[in-house]
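Here is what each chain is made of, one letter per residue.
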Amino acid sequence: MLYSLIEGTITTLAVSSASVAAGVPLGLCLALLRLSRVPVLKQCIAAYVSLIRAMPTVTLALFIFFGVPSLGIPLSPFVAGLLTICINTSAFQSEIWRAAIADFPRNQVEAAAAFGMSRQQTFRRVVLPQVWRASLPALFNETTFIIKSSPAIAVIGVVDLTRAASRVSAYTYEPILPYLCAAAIYATVVFILVTAQRQIERRIVIKYGVL
Amino acid sequence: MIANFERALSMWPDFLLGLMNTIWLCAVTGVVALVLSIPLATVMRSRSTSLRKASQFVVDTIRSVPFLLLAYMVYYGLPAFGIRVDSITAGLATLIVYNTAYFAEIIRGAWSHLPPQQEETARAFCFTGTRLFVHIIGPQILIAAGPVLGNQMIQIIKDSAFLMVITIHELTFAANEIQTILFVPFETFIIAGLLYWVLCNSVEFGVSRLERFAEVRRAK
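Rules and cut-offs
- Residues numbered from 1 in each chain as written.
- Chains lettered and ligands numbered in written order.
- Predicted model: local features only at pLDDT ≥ 70, side-chain atom pairs only at ≥ 80, totals over all residues.
- Heavy atoms only, no water.
- Phe/Tyr/Trp six-rings, centres within 6.5 Å; stacked < 30°, edge-to-face > 60°.
- Lys NZ or Arg CZ within 6 Å of the ring centre and 35° of its normal.
- 1 Å grid on protein atoms, 1.4 Å probe; cavity = no way out; pocket = protein on both sides within 12 Å on 5 of 7 lines; lining within 4 Å.
- Points joined across faces, edges and corners; volume = space filled by probe spheres on them.
- Helix = DSSP H or I, 4+ residues; strand = E, 2+ residues; numbered from the N terminus.
- Nonpolar A, V, L, I, M, F, W, Y, C, P; charged D, E, K, R; others polar.
- Contact = heavy atoms within 4.5 Å.
- Buried area = accessible area lost by both parts, 1.4 Å probe.
- Polar contact = N/O pair within 3.5 Å; in protein donor to acceptor, adjacent residues only side chain to side chain.
- Core = buried A, V, L, I, M, F, W, Y, C linked by side-chain atoms within 4.5 Å.
- Buried < 20%, exposed > 50% of the residue type's maximum accessible area, 1.4 Å probe, protein only.
- pLDDT = per-residue confidence, 0-100.
- Axes fitted to C-alpha atoms, helices over the stretch in contact; angles between N-to-C directions.
- Parallel < 35°, antiparallel > 145°, perpendicular 65-115°, else oblique.
- Salt bridge = Lys/Arg side-chain N within 4 Å of Asp/Glu carboxyl O.
- Expected span 1.5 Å × (residues − 1).
- Disulfide = S-S within 2.5 Å.
- Patch = residues over 30% accessible without salt bridge, like charges linked within 9 Å, V, L, I, M, F, W, Y side chains within 5 Å.
- Areas by Shrake-Rupley, 256 points an atom, 1.4 Å probe, with all protein chains shown as cover.
- Left-handed = near helix turned anticlockwise from the far one by under 90°.

Draft legend 1. Seen up close, the packing of aromatic side chains. One pass over the structure, following the stated rule, counts 10 aromatic pairs over all chains. Ring pairing ties together the aromatic residues Tyr 179 of chain A together with Tyr 72, Tyr 75 and Tyr 76 of chain B, which thus form one cluster. Taking the ring centre of Tyr 102 of chain B as reference, the NZ or CZ of Arg 63 of chain B above it sits at 5.5 Å.

What follows is the structure in structure tokens.
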């Protein structure tokens, strides 16, 4: 029983962390395209992000798992699950980046321009390092959020922690214990993330004075 | 593809039924959870340290567990204790318990940001107990927490999709049924997604209207 739960935990953590790792740069790209001056693409990205953010993760999972193969592209449940969480989080992370970039003080950008920096240089050397720190708390929130919405992939047959618990419960006839164990594991993971977030925020405040 | 959309849309009564079920489940949850969360938030702010810590621990634990896991626990766990419930009751109970914890934490947060002088002054004017909450504290907390409560309401709508797993006929369940009948999954789930989009944006719009209304009233 414990073995299945551990296996499920590993799947949950692997899918979540892979999605966060892919979602951060993807979200940044989406945010930059949305803030760019390309006319039609900008609106398309805004609509896409808005739709994905409003769609429940389960619905998105079923959409990808059944919808994509119907277009002739075969997908295993695991890949479909990974894609689901990845697409879901990249939309949310693009909003985090967009808010952080929109809040960035204009005068710094103007000062950089006065020093003769190009738009790319300004972004890389002035905006990104500061925006990165400012969006860190939101990024951690999003990570805990991903872990809590990851059971959506259990619905399409990926054996994550939630599905592992329901399987164990089905063949041991234990109605409540496996779920309690799984709940304890989820709570521990979230607790670790929240503690890490506090630590990192504190260090940033000590080192830079502000978040 | 257009033809497929037409085929999927020909099942509109099923979409509508699913949408209606999602709406009433979420609306009932929102109202009941908000009502229940106020006493819970009061306990979380009580003077007794042990009571405060215990309630905070329960709320934090519920908030850190995924909704689906809690739904499984209620749906499969309760019968083991001799409590037989149908899927709708189990689903609704799970939604309410889960979101009461969230709402309580939101209200506790808004409450702790309220200046203590407000309560002291009100007490000096003989406002106590329920009257103190209804006239002085409650309205201010609700206005301050409004946008966050609205976000949580959207989260309820999105969490309710998990209830398809315990065979509740909500929007995602309906869409899944339609796609198994018609074999047009791509179009069916896009329609479902758009319906969710409309639902979430209506909530957002409603909350922002309420906020404006509250601001205008307060300015007077």
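Draft legend 2. Examining empty space enclosed by the protein more closely. By the definition in use, this model includes 1 cavity of 30 Å³ or more. The calculated volume of the largest cavity comes to roughly 40 Å³. Counting only elements with at least two residues in the lining of the largest cavity, the list comes to helix H7 (136–149) of chain A together with helix H7 (129–159) of chain B. For the lining of the largest cavity, the residue count by class is 3 nonpolar, 3 polar and 2 charged.

Draft legend 3. Spatial organisation of the interface of chain A and chain B. Contact residues are listed per partner, giving 35 residues for chain A and 35 residues for chain B. For the pairing of chain A and chain B, the buried interface totals around 2,900 Å² over both sides, and the portion due to carbon and sulfur atoms is 79%. Area buried by chain A at its contact with chain B is led by Phe 63, Lys 148 and Tyr 179 of chain A, which between them contribute 19% of it. Our enumeration of links across chain A and chain B arrives at 5 residue pairs in polar contact (both at pLDDT 80 or more). Those elements giving two or more residues to the side of chain A that touches chain B turn out to be helix H2 (39–54), helix H3 (57–70), H7, helix H8 (152–155), helix H9 (161–172) and helix H10 (177–208) of chain A. In terms of residue class, the side of chain A that touches chain B is made up of 26 nonpolar, 7 polar and 2 charged.

Draft legend 4. Representation of the nonpolar core in the model. One finds Leu 69 and Ile 137 of chain B to be the most contacted residues of the largest nonpolar core, which totals 115 residues. Among the elements that take part in this core, helix H5 (residues 87–112) of chain B stands out by supplying 12 residues, more than any other. Once residues lying within four places of it in the same chain are set aside, the contact partners of Leu 69 of chain B are Thr 162, Ala 165, Tyr 179, Ala 182, Ala 183 and Tyr 186 of chain A.

Draft legend 5. A look at the confidence of the model for chain B. In the predicted model, chain B carries a mean pLDDT of 87, and 100% of its residues have values of at least 70. Scoring of the predicted complex yields 0.87 for pTM and 0.86 for ipTM.

Draft legend 6. How the structure looks around the environment of Leu 26 of chain A. All names here are of chain A. When you line up the elements, Leu 26 lands in helix H1 (residues 2–35). With 60 residues separating them along the chain, Leu 26 and Cys 86 place their C-alpha atoms 9.0 Å apart. Not counting residues within four places of it along the chain, the set of residues in contact with Leu 26 comprises Cys 86 and Ser 90.

Draft legend 7. Here's a closer look at the confidence of the model for chain A. Mean pLDDT over chain A stands at 87; residues scoring 70 or higher make up 99%. Of all the helices and strands in chain A, helix H6 (residues 119–134) of chain A carries the lowest mean pLDDT, 83, while helix H4 (residues 77–102) of chain A carries the highest, 90.

Draft legend 8. Spotlight on the packing of H7 of chain B against helix H9 (residues 185–219) of chain B. Residue and element names in this part refer to chain B. Two elements in contact, H7 and H9, have axes whose closest approach is 10 Å; the angle formed by their N-to-C orientations is 170°. Considering the angle they form, H7 stands roughly antiparallel to H9. For the pair H7 and H9, contact is made by Ile 143, Gly 146, Pro 147, Gly 150, Met 153, Ile 154 and Ile 157 and by Tyr 196, Leu 199, Cys 200, Val 203, Glu 204, Val 207, Glu 211, Ala 214 and Arg 218, respectively. Residue composition of the contact of H7 with H9, grouped by class: 11 nonpolar, 2 polar and 3 charged.

Draft legend 9. Region of interest: the pattern of salt bridges. Residue and element names in this part refer to chain B. All told, the structure shown has 4 salt bridges over all chains when counted by the stated rule. Where Arg 63 meets Asp 60, a salt bridge forms, and the shortest distance between an N and an O atom there is 4.0 Å. With Arg 63 and Asp 60 both in helix H3 (residues 49–64) and 3 residues apart, this pair spans about one turn of that helix. Judged by its relative accessible area of 24%, Arg 63 is partly exposed. We classify Asp 60 as partly exposed; its relative accessible area is 33%. Close ionic contact of Glu 105 with Arg 108 constitutes a salt bridge, the shortest N to O distance being 2.9 Å. You can see Glu 105 and its partner Arg 108 sitting in helix H5, 3 residues apart, about one turn around the helix. Look at Glu 105 and you get buried, because its relative accessible area is 15%. Under the relative-accessibility criterion, Arg 108 is labelled partly exposed at 22%.

Draft legend 10. Spotlight on H10 of chain A. All names here are of chain A. The terminal C-alpha atoms of H10, which comprises 32 residues, lie 46 Å apart, in line with the 46 Å expected from a rise of 1.5 Å per residue. Every buried residue of H10 is accounted for by Pro 178, Tyr 179, Ala 182, Ala 183, Tyr 186, Ala 187, Val 189, Val 190, Leu 193, Gln 197 and Ile 204. Backbone geometry just after H10 places Gly 209 at a positive phi near 85°.

Draft legend 11. How the structure looks around the state of the cysteines. Residue and element names in this part refer to chain B. The tally for this structure, following the rule as stated, stands at 0 disulfides over all chains. Just so you know, Cys 26 is unpaired, no disulfide at all, and the nearest cysteine sulfur is the one on Cys 200, 8.9 Å from it. We classify Cys 26 as buried; its relative accessible area is 3%.

Draft legend 12. Region of the structure containing a nonpolar patch on the surface. All names here are of chain B. Taken together, the side chains of Trp 12, Leu 16, Met 20 and Ile 23 define a hydrophobic patch exposed on the protein surface, amounting to about 400 Å² of accessible area. Among the secondary structure elements, Met 20 is positioned in helix H2 (residues 12–44). We classify Met 20 as partly exposed; its relative accessible area is 44%.

Draft legend 13. A look at the packing of H3 of chain A against helix H8 (residues 171–182) of chain B. Packing of H3 of chain A against H8 of chain B leaves a shortest axis separation of 10 Å and a crossing angle of 15°. When the axes of H3 of chain A and H8 of chain B are compared, the pair comes out roughly parallel. The crossing of H3 of chain A and H8 of chain B is left-handed. Contacts between H3 of chain A and H8 of chain B pair Val 58, Thr 59, Leu 62 and Phe 66 of chain A from the former with Thr 172, Asn 176 and Gln 179 of chain B from the latter.

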